[in-house]
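Each chain, letter by letter, is given below.
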Amino acid sequence: MFKLLIHKAVNYIVLMFLSFLIILNSCNSDFDLNAPYKSIPIVYGLLDQSLDTQFVKINRSYLGDSNNVESAAINDSTHFQNITASVQEFNINDTLNPISIYPLEEIWVNNIDDGLFYEDSQKVYYFVPDPISLSGFDTVYLNDENIYKLFLQVPGTDDLVSAKTELIDGSGLSYNQFYKLTLKTFGFNLLNDVDLGTSPEYNDHRVDWNTASKAKRYELMLKFHFDEVSTQGQVTKKSIVWDLGSQKSINSDGGEELNKKFNGLAFFELIDSKLSGYASESSVEKRIIDEVEFILTAGNEDLNIFMDVNEPATGVVTERPSFTNVNNGLGIFASKYQKSITGKLTNSTVLELCMGQITSGYKFCTDSSDQVTGISNLTGGVFVGCN
């Protein structure tokens, strides 16, 4: 979700800029639209200490001689040819002398969604910090007790582009202990009814977690994992993702208890919506059920404000305020942190996936002998095994 909203925000900023140029051009036909023009750096970076590689997207505003919408599809329109940039780490009590300096290196990526802008490849910048082993915690790659600053110098200009962010307290973000124990012990349960002859009674499922300090917004996603086996015997690991929405904490101090709740029926309807009309369905022999994964992502205060400002307008007034924490530029340099938890599906949930009215046509099965036996005993012989 964070990635999706930032992608929309980038489009919004550039389109607003284009609209402004068009209005100026229509007001005075003698106005030289392509008079000397200064490109504005546009920065999008989210530091996450749980990741071994940190990425920053750096673009520039542009003004072409032709239609600016057409220019947007040209790769070079929004790229700087040469920049000098780094992310520097500072002790919170000494923000003048860096502890570490990470020069940003460029790389071209190709996994780009369809849209208005160029789709062949994009230039992004990255750095790879050394791992940090903290007692009692997983390995991290940035220190959440320090401050990180971005510095960017564009050749031919005297302006120094800068931004800074604190990191989220990773140790403070956690799933509720009782929920973790329940998911691990009993599994992901969406209904208790195992009688295929009656209408199922779906359960509500609630995910509970504890907030972290220096975090404000929380996004929860569910990922259902399965192996898709083709009629030729080829096995492909696949997943279906469900965006369960966001929650905001009262403040950024941490220690609050938040939750998201959804009904079991919605899960099966999601599976149906994702697989109905699947072009290669005729080549699928079976789908082997694996597990569900909950992915909780926390964003800091600056990221929360940025996302609030750039959410779609719903009222009559579409004008919105702008927000950036980038000096001499636009965009956002902020932080996020992510934690996941997994669980197996209960017998009743597996049975509903394999034999229920909504999803029985999608060839789900289980390779767990315990579940095959358990479901057979509960139902008087219904077989949900893969072999």
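Since we're looking at a predicted model, the values are computed, not measured. (Residues numbered from 1 in each chain as written. Predicted model: local features only at pLDDT ≥ 70, side-chain atom pairs only at ≥ 80, totals over all residues. Heavy atoms only, no water.)

### As for the overall build of the protein
Along the backbone of the protein there are 7 helices and 16 strands. The proportion of buried residues among the 387 residues of the protein is 44%. Restricting the contact set of the protein to residue pairs at least 6 apart, pairs at least 24 apart contribute 69%. As displayed, the protein offers around 20,000 Å² of accessible surface, 50% of which is attributable to carbon and sulfur atoms. (Helix = DSSP H or I, 4+ residues; strand = E, 2+ residues; numbered from the N terminus. Buried < 20%, exposed > 50% of the residue type's maximum accessible area, 1.4 Å probe, protein only. Contact = heavy atoms within 4.5 Å. Areas by Shrake-Rupley, 256 points an atom, 1.4 Å probe, with all protein chains shown as cover.)

### Overview of the pattern of salt bridges
Tallied over the entire structure, the rule returns 13 salt bridges. Ionic pairing is found between Asp308 and Arg217, a salt bridge with its closest N-O pair at 2.5 Å. Taken together, the residues span a long stretch of sequence, with Asp308 in helix H5 (residues 301-310) and Arg217 in strand E11 (residues 217-230) at a distance of 91 residues. The partner of Glu281 in a salt bridge is Arg287, with the nearest N and O atoms 2.8 Å apart. Arg287 shares its class with Glu281; the two are buried. (Salt bridge = Lys/Arg side-chain N within 4 Å of Asp/Glu carboxyl O.)

### Quick notes on the nonpolar core
By size, the foremost hydrophobic cluster in this structure holds 43 residues, and its most contacted members are Phe188, Tyr218, Leu222, Phe224, Phe267, Phe294 and Phe364. Aside from chain neighbours lying at most four places away, what touches Tyr218 is Leu173, Trp209, Thr211, Ala212, Gly245, Ser246, Gln247, Ser249, Leu258, Leu296, Thr297 and Ala298. Grouped together as the second largest cluster of nonpolar side chains are 22 residues, Leu47, Val56, Phe127 and Leu167 included. (Core = buried A, V, L, I, M, F, W, Y, C linked by side-chain atoms within 4.5 Å.)

### Quick word on the sheet that holds strand E13 (residues 257-263)
Taken together, the 3 strands give an open sheet; going across it, the order is E9-E10-E13, and neighbouring strands pair in antiparallel fashion. Two strands bound the open sheet, and with one partner strand each, they are strand E9 (174-175) and E13. Sheet topology note: the E9/strand E10 (residues 204-210) ladder contains 2 bridges and is antiparallel. For Ser174, the partnering residue across the bridge sits in E10 and is Asn210. (Pairing = 2+ DSSP bridges.)

### Considerations on the packing of aromatic side chains
Tallying each qualifying case throughout the model produces 16 aromatic pairs. With a centroid separation of 6.4 Å and an interplanar angle of 40 degrees, the aromatic rings of Phe188 and Phe262 are classed as tilted. Taken together, the positions of Phe188 in the loop between helix H3 (177-186) and E10 and Phe262 in strand E13 put the pair 74 residues apart, joining distant regions of the chain. No difference in accessibility class separates Phe188 from Phe262, as the two residues are buried. Just above the ring of Phe90 sits the side chain of Lys149; from NZ or CZ to the centre is 4.6 Å. (Phe/Tyr/Trp six-rings, centres within 6.5 Å; stacked < 30°, edge-to-face > 60°. Lys NZ or Arg CZ within 6 Å of the ring centre and 35° of its normal.)

### Points about helix H4 (residues 264-275)
Helix length check: H4, at 12 residues, gives a terminal C-alpha distance of 17 Å against a target of 16 Å (1.5 Å per residue), a fit within 8%. Against E11, strand E12 (235-248), E13, strand E14 (284-299), helix H6 (347-355) and strand E16 (364-365) lie the buried residues of H4. Where H4 begins, the capping side chain belongs to Asn263, and its oxygen is found 3.0 Å from the backbone nitrogen of Leu265. Count one or two residues on from H4 and you reach Gly277, which has phi positive near 75 degrees. (Expected span 1.5 Å × (residues − 1). Polar contact = N/O pair within 3.5 Å; in protein donor to acceptor, adjacent residues only side chain to side chain.)

### A short note on the sheet that holds strand E4 (residues 100-103)
Strand order in the open sheet formed by 4 strands is E4-E3-E7-E8, and the pairing between neighbours is antiparallel. Two strands in the sheet have a free side with no partner beyond their single neighbour: E4 and strand E8 (160-166). In this sheet, neighbouring strand axes are inclined to one another by 20 degrees on average, regardless of whether the strands run parallel or antiparallel. Pairing between strand E3 (residues 84-90) and E4: 4 bridges, direction antiparallel. When the sheet's bridge partners are listed, Val87 is paired in E4 with Tyr102. (Axes fitted to C-alpha atoms, helices over the stretch in contact; angles between N-to-C directions.)

### Remarks on the side chain of His205
Among the structural elements, His205 can be located in strand E10. A distance of 2.9 Å separates the side chain of His205 from the side chain of Tyr179, its partner in a polar contact. Beyond its immediate chain neighbours, meaning those up to four positions away, His205 contacts Tyr179, Phe188, Asn189, Leu190, Lys260, Lys261, Phe262 and Phe294.

### Focus: the side chain of Ser86
On the secondary structure map, Ser86 appears in strand E3. Side-chain polar atoms of Ser86 contact the side chain of Gln88, separated by 3.3 Å. Aside from chain neighbours lying at most four places away, what touches Ser86 is Ile101, Tyr102, Pro103, Leu104, Lys149, Leu150 and Phe151.

### Here we look at the state of the cysteines
All chains considered together, the criterion is met by 1 disulfide. Cysteine Cys354 shares no disulfide, and the gap to the nearest cysteine sulfur, in Cys365, comes to 6.5 Å. Classification of Cys354 by relative accessible area gives buried; the value is 5%. (Disulfide = S-S within 2.5 Å.)

### A closer look at the packing of H6 against helix H7 (residues 369-379)
It is the contact of H6 with H7, at a shortest axis distance of 10 Å, that shows an interaxial angle of 85 degrees. Judged on the interaxial angle alone, H7 and H6 are roughly perpendicular. On H7, the residues that touch Asn347, Val350 and Leu351 of H6 are Gln371, Gly374, Ile375, Leu378 and Thr379. Residues of the contact of H6 with H7, tallied by class, amount to 4 nonpolar, 4 polar and no charged. (Parallel < 35°, antiparallel > 145°, perpendicular 65-115°, else oblique. Nonpolar A, V, L, I, M, F, W, Y, C, P; charged D, E, K, R; others polar.)

### Regarding the environment of Phe224
Tracing the backbone through its elements, the reader meets Phe224 in strand E11. For Phe224, a relative accessible area of 0% puts it in the buried group. Put simply, Phe224 and Lys238 are 14 residues apart on the chain and 8.4 Å apart in space, counted from C-alpha to C-alpha. Other than its neighbours up to four places away in sequence, Phe224 contacts Lys238, Ser239, Ile240, Phe267, Ile271, Ile289, Glu291, Val292, Leu345, Leu353 and Phe364.

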